[in-house]
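Remarks on the overall topology
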Amino acid sequence: MSNARQEKIRNFCIIAHIDHGKSTLADRILETTGVLSEREMEKQVLDDMDLEKERGITIKSKAVRLSYRDEDGEEYILNLIDTPGHVDFAYEVSRSLAACEGAILVVDASQGIEAQTLANVYLALEHDLEIVPVINKIDLTSARPDWVKKEIEDVIGLVAEDAPLISAKNGIGIERVIEKIVSDIPSPDGDTDAPLRALIFDSFYDNYRGVIAYIRVKEGSLKVGDKIQMMATGKEFEVTDVGVFKRDLTPVRELRAGEVGYVAASIKNVRDTRVGDTITHVDRPAKEPLPGYRKVNPMVYSGIYPADGARYDELRDALDKLHINDASLTFEAETSVALGFGFRCGFLGLLHMDIVQERLEREYDLDLVTTAPSVIYKVVTNDGVEHDVSNPTNLPDPAEIEYMEEPIVNAQIMVPTEYVGAIMELCQERRGTYKDMEYMEETRVLLTYELPLNEIIYDFFDALKSRSRGYASFDYELIGYQESELVKLDILLNGEVVDALSLIVHQDKAYTRGRGIAEKLKELIPRQMFEIPIQAAIGNKIIARETIKALRKDVLAKCYGGDISRKKKLLEKQKEGKKRMRQVGSVEVPQEAFMSVLKFD
Amino acid sequence: MKKDILGLYIHFPFCRRKCLYCDFPSYSGKEALMDEYMAAVKAEIDQVKKLVVEREVDTIFCGGGTPTLFSGQKLEELLTYIKDSFSVSQKAEITIEANPETLDRQKLEILRRAGINRLSIGMQAGQDEHIKKLGRIHTVRDVERSVQWARDLGFKNINLDLMFGLPNQSLDEWMESLDMALGMDIEHLSTYGLILEEGTPFFNLQRQGHLNTPSEEVEREMYHRTGPYLQAKGYTQYEISNFAKPGMECRHNLIYWKNGDYIGIGGGAHSSLEGKRWSNYSDISKYMDSINDKGVGKEHGQTIPIEEQRFETIMMGLRLIEGISKLEFRERFGQPLEYYYRDAVEILKKKAMLEENENSIYLTPKGMDFQNQVLLYFMD
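Let me sum up the structure you'll find in this document. (Residues numbered from 1 in each chain as written. Chains lettered and ligands numbered in written order. Predicted model: local features only at pLDDT ≥ 70, side-chain atom pairs only at ≥ 80, totals over all residues. Heavy atoms only, no water.)

**Examining the interface of chain A and chain B**
Stated precisely, the cut-off is as follows: Two residues qualify as a contact provided that any one of their heavy atoms is within 4.5 Å of a heavy atom in the partner residue. What gets called buried area is simply the loss in accessible area from a 1.4 Å probe that two parts show on being joined, summed for both. Any Lys or Arg side-chain nitrogen located within 4 Å of an Asp or Glu carboxyl oxygen qualifies as a salt bridge. Any pair of N or O atoms that falls within 3.5 Å is considered a polar contact. Within protein, one atom must be able to donate a hydrogen and the other to accept it, and sequence-neighbouring residues count only if both atoms are side-chain atoms. Residues are grouped as follows: Ala, Val, Leu, Ile, Met, Phe, Trp, Tyr, Cys and Pro are nonpolar; Asp, Glu, Lys and Arg are charged; all remaining types, including Gly, are polar.
With 27 residues of chain A at the contact, the number on the chain B side is 35 residues. For the pair chain A and chain B, the summed buried surface comes to about 3300 Å²; carbon and sulfur atoms form 58% of the total. Across the salt bridge formed by Lys 568 of chain A and Glu 312 of chain B, the nearest N and O atoms sit 2.5 Å from each other. Joining chain A to chain B, the criterion identifies 15 residue pairs in polar contact (both at pLDDT 80 or more). In terms of residue class, the side of chain A that touches chain B is built from 10 nonpolar, 4 polar and 13 charged.

What follows is the structure in structure tokens.
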């Protein structure tokens, strides 16, 4: 049962498919509750990294405390907890949801429910959240609110009859959303006098205070000076600061059961405040941690190398810095014959990988060469030992391999009926196993496939979009490992294996892949002063071959009437181009080649 | 202090018709501006001469465009004006570029009288059909007649321009073109491989797949055969694209290749003088407006840092078969060439693209084919 104080608190989040207007709605709510005046508002405060703004994706969750006075003059505290919108961050989303009692479900009035909407709704239901549907973008001429309402009722089974019809962009219906938050979402409970149990749902590193953890106090209370323990890691700290998020971090005397806020305790590393961990008191510890903690493991790996080998140390420093705020990024040094010194980095998924690469290039001004992404294969050798292999180069000799397993995901694809055939074909091509097909309504279908993860990294999403004219949406989760006939595909340039181009592929795909890569490399590698054979091979067996013809001349026949600068400009351009090249044995290979070998569809 | 030699270039951006491959500043149909243009050139001379009062002009080159689109009298007047404005050496090499359709015996006579002692005629091919396909409006016979008149009038230094790698041109036709030129017993031959420059009709035709240029293999074959063939006929190759009988090398162009000083006058002309470089507006009207407003035609200008001057000396010098003189380099830049470029020289020697002896560095035939690649090593 909630106490009187708890009855005035609402902890909620907003869930939506990408582009359905989550961030805009969050901004409007902040405005309406006076946390930000319109003038102060920089667009979409909750997404404060540039990259997030550009991509319209919330990467890290945050929380804001709002106050709201209803018609009867009752004062409420609303904690809006922002959640990442992408499947790569599913675990982080789940911890944010665990900090709430309710969720606003934003659905686009013309698009309706999408795969991500559904995935998020199921997650919210798993956490027993009260879901408040809201239909956004009703100002668009293509809006079909009644159809969307019906869809919400049919597909999700939620009552959508009185769902607020809003336009977050134009500030229509925002008050109504807030009223629904207060009336429909339950207040938190939890014994204030019980031993402390506080859930960490996010953290970031602050130069002055060390790590600041976002927490939801489930039981007990927490104040400055308390000695605390992280239940998963056992690490102990003394609290230096507790507070809530308003415009800034605002210190409070105490955080009690039901409240959302932050805690700082001179913590040096975000790894000590793991998302999902439970904070308790050293002196009076809780018996059990809160449920649901798990260590997050990377799913996708890729080699990242500095384009300029001399900048290796800078790359390491940049990764170190990103690491401080991103516990899910892993990296370790590796060496490639072709690319020199670099790092094998682990990511939660492809988006996470893209984001990290872009931040390295933008924020740290690094020029990178990236190898094709890989997954972790389980390789069992003849001696019965199991090895995790994420770099094809580290694959044991085929003669020593007993068998190999690859990660499998359960994928849900929502697609208009007219593209079902094309998408099923795509899933077949990607070695998918058909599981289920369900009509969401007359014109839309939810396809369920089991797919090998290595078939969907890199270009599956693009292929999905291009074969459905952008209409298909997609979500996946890892479900386990499966034995598979996998082989290492090597690429040889001028007779030498280029380690950074090696791939682990399914045996049935090796031939097509090999030929595709050879053709692609022929396009990408400029002609040089000698003929360059490109070969794809499995072991000693050559399965594809292309030839780059030798360049016959590279000279300007004429230098026009003393125009030296013109020729110099040409040379400078050529020099720039050369800088983007990697010397691999005797061959110069453009940096993009290492990544683009996976792009086919 | 004795200054190095100085070249003077005058640009004439007018043609009766623009060739289909040409991306040089030259225009047809603007003949109405020719008188005004000539006045602007003289006005520019009035200003520019102040920069070189203490220097002697060793070469004059009237280039285009088609300088000989102007009348003999106009050109004679201009040469007189130049001689009155600059201190022109008694032994100056004075060249004019000409296209056959603008030449007659009378004009050549005037040019000869005006002091022009070198004639450079655009021939381009030895077959009328190819000449026509380039968008040109003369025949092989016209070239021969022009050369004959020039000889009769006492021109002792004549160059012909030829091009290889033309659309539909066969190796045999190229060799035939060389023979046609040799038949005129000229002193100098320039043989340029066709370059398809962006913005030209040829470039667009090529992109659309309508231009049947020879394969790279055939094009190189044409080039590689040219040197030995001309050598056997008494012409020495002294630059990537240029051949001359002994002592008849083009002194003006040698100034460019030795990265020397030159002053360019007229629309689109480039100048390089004592570490400074500038270029004029190439649009005729803009050039003339600039002259009228400011007395100069300069659009861009810059001071070339010494390290860039060094590189440019390499870039231009390696076009010459004899290469770069170590002594001259050292005199100009204070340190031996090896001091700056040891690594590049060593790598390129290993790659058999460059050779050196006590006096100079120079490219091998392979290095000549890949001159741009060679230069990249000198750019660090």
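**A closer look at the environment of Phe 203 of chain B**
Residue and element names in this part refer to chain B. What counts is decided by this rule: Only DSSP runs of H or I covering at least 4 residues are called helices, and only runs of E covering at least 2 are called strands; the numbering of each starts at the N terminus.
The residue Phe 203 is located in helix 7 (residues 201-207) in this model. Along the backbone, Phe 203 and Ser 120 are 83 residues apart, and their C-alpha atoms lie at a distance of 26 Å. Beyond its immediate stretch of four places on either side in the chain, Phe 203 contacts Leu 196, Glu 197 and Glu 198.

**Considerations on helix 3 (residues 90-98) of chain A**
Residues and elements named next belong to chain A. The test is simple: A 1.4 Å probe rolled over the protein chains alone gives each residue an accessible area, and that area as a share of the maximum for its type sets the label: buried under 20%, exposed over 50%, partly exposed in between.
The element helix 3 is largely enclosed, with a buried count of 8 among its 9 residues. Within helix 3 the residues assigned to the buried category are Tyr 91, Glu 92, Val 93, Ser 94, Arg 95, Ser 96, Leu 97 and Ala 98. On its buried side, helix 3 packs onto strand 1 (9-16), strand 3 (75-81), helix 4 (115-126), strand 6 (197-206) and strand 7 (210-219).

**Some words on the pattern of salt bridges**
On inspection of all chains with the given rule, the structure shows 66 salt bridges over all chains. Arg 316 of chain A is paired through a salt bridge with Asp 313 of chain A; the nearest N and O atoms lie 3.3 Å apart. A residue pair is termed a helical-turn pair when its members lie 3 or 4 positions apart in one helix, as Arg 316 of chain A and Asp 313 of chain A do in helix 7 (residues 312-325) at 3 residues. For Asp 313 of chain A, a relative accessible area of 43% corresponds to the partly exposed category. Across the pair Lys 349 of chain B and Glu 356 of chain B runs a salt bridge, and its minimum N-O distance is 2.7 Å.

**Quick word on the pairing of strand 2 (residues 63-69) of chain A**
The side chains of a regular strand alternate, residue by residue, between the two faces of the sheet. The condition is simple: Two strands are said to pair when DSSP picks up at least two bridges between them.
With respect to burial, strand 2 of chain A is a largely interior element, 5 of its 7 residues being buried. In sequence, strand 2 of chain A turns back onto strand 3 of chain A through a hairpin of 5 residues, with Gly 73 of chain A there showing a positive phi of about 85 degrees.

**Considerations on the sheet that holds strand 4 (residues 102-108) of chain A**
Strand pairs in the sheet, formed through backbone hydrogen bonds, run parallel or antiparallel to each other. Residues and elements named next belong to chain A. Quick reminder of the rule: Axes here mean lines fitted to C-alpha atoms, for a helix over just the part in contact, with angles spanning 0 to 180 degrees between N-to-C directions.
Pairing within the open sheet is mixed, and its 5 strands lie in the order 2-3-1-4-5. A single partner strand is all that each edge strand has here, and the edge strands are strand 2 and strand 5 (130-136). Adjacent strand axes in the sheet meet at a mean angle of 30 degrees, parallel and antiparallel pairs treated alike. Here 7 bridges tie strand 4 to strand 5, and the two strands are oriented parallel to one another. Counterpart to Ala 103 in the pairing with strand 5 is Ile 131. The strands that helix 1 (residues 22-32) touches are strand 1, strand 2, strand 3 and strand 4; relative to strand 1, the one it contacts most, it runs at about 150 degrees. Strands strand 4 and strand 5 of the sheet are contacted by helix 5 (residues 145-156), whose axis makes an angle of about 155 degrees with strand 5.

**Describing the environment of Val 275 of chain A**
All names here are of chain A. On the secondary structure map, Val 275 appears in the loop between strand 14 (260-264) and strand 15 (278-281). Considering only alpha carbons, one finds Val 275 and Met 353, 78 residues apart in sequence, at a separation of 19 Å. Aside from chain neighbours lying at most four places away, what touches Val 275 is Tyr 91, Arg 95, Ile 200, Phe 201, Asp 202, Tyr 293 and Arg 294.

**Observations concerning the nonpolar core**
Cut-off, in case you're wondering: Side-chain atoms within 4.5 Å link the members of a nonpolar core, which is a set of buried Ala, Val, Leu, Ile, Met, Phe, Trp, Tyr and Cys residues. The source of the domain bounds is an automatic or database domain assignment.
Core analysis: the biggest nonpolar cluster contains 120 residues, and Ile 82, Leu 160, Leu 189 and Phe 378 of chain B have the highest contact counts within it. With 7 residues, the top contributor of residues to this core is helix 1 (residues 34-48) of chain B. Per-domain counts for this core show at least three residues from each of domain 1 (5-257) and domain 2 (307-376) of chain B. Once you skip the residues sitting within four places of it in the chain, Phe 378 of chain B turns out to touch Phe 311, Ile 314, Leu 318, Tyr 341, Ala 344, Val 345, Leu 348, Leu 354 and Ile 361 of chain B. Core analysis: the next-biggest nonpolar cluster, separate from the first, contains 52 residues, Leu 350, Leu 447, Leu 453 and Leu 464 of chain A among them.

**What about a negative patch on the surface?**
Residue and element names in this part refer to chain A. Quick note on the threshold: Patches draw on residues past 30% relative accessible area with no salt bridge. Two like charges within 9 Å are joined, as are two nonpolar side chains (Val, Leu, Ile, Met, Phe, Trp, Tyr) within 5 Å. Areas reported here follow the Shrake-Rupley algorithm with a probe of radius 1.4 Å; residue values treat only the protein chains shown as occluding. Two residue types count as positive, namely Lys and Arg, and two as negative, namely Asp and Glu; His and chain ends fall outside the count. One atom stands in for each charge, and that atom is NZ of Lys, CZ of Arg, CG of Asp or CD of Glu.
A contiguous patch of negative charge, built from Glu 402, Glu 483, Glu 485 and Asp 508, is present on the exposed surface. In this structure, Asp 508 sits in helix 12 (residues 507-524). A residue is classified by how much of its surface remains accessible, and Asp 508, at 59% relative accessible area, is exposed.

**What to know about the packing of aromatic side chains**
All names here are of chain B. Rules: The aromatic pairing rule takes the rings of Phe, Tyr and Trp, using the six-membered ring of Trp, and pairs them if the centres are within 6.5 Å, calling planes under 30 degrees apart stacked, those over 60 edge-to-face and the rest tilted. Only Lys NZ and Arg CZ are tested; either one counts as a charge over a ring when it is within 6 Å of the ring centre and within 35 degrees of the ring normal.
A full pass over the atoms with the stated rule returns 27 aromatic pairs over all chains. Joined through ring pairs, the aromatic side chains of Phe 329, Phe 333, Tyr 339, Tyr 340, Tyr 341 and Phe 378 make up one cluster. Sitting over the face of the ring of Tyr 27, Lys 30 holds its NZ or CZ atom 4.7 Å from the ring centroid. Residue placement shows Lys 42 over the ring face of Tyr 81; its charged tip is 5.7 Å from the ring centre.

The values reported here are purely geometric and, on their own, carry no functional implication.
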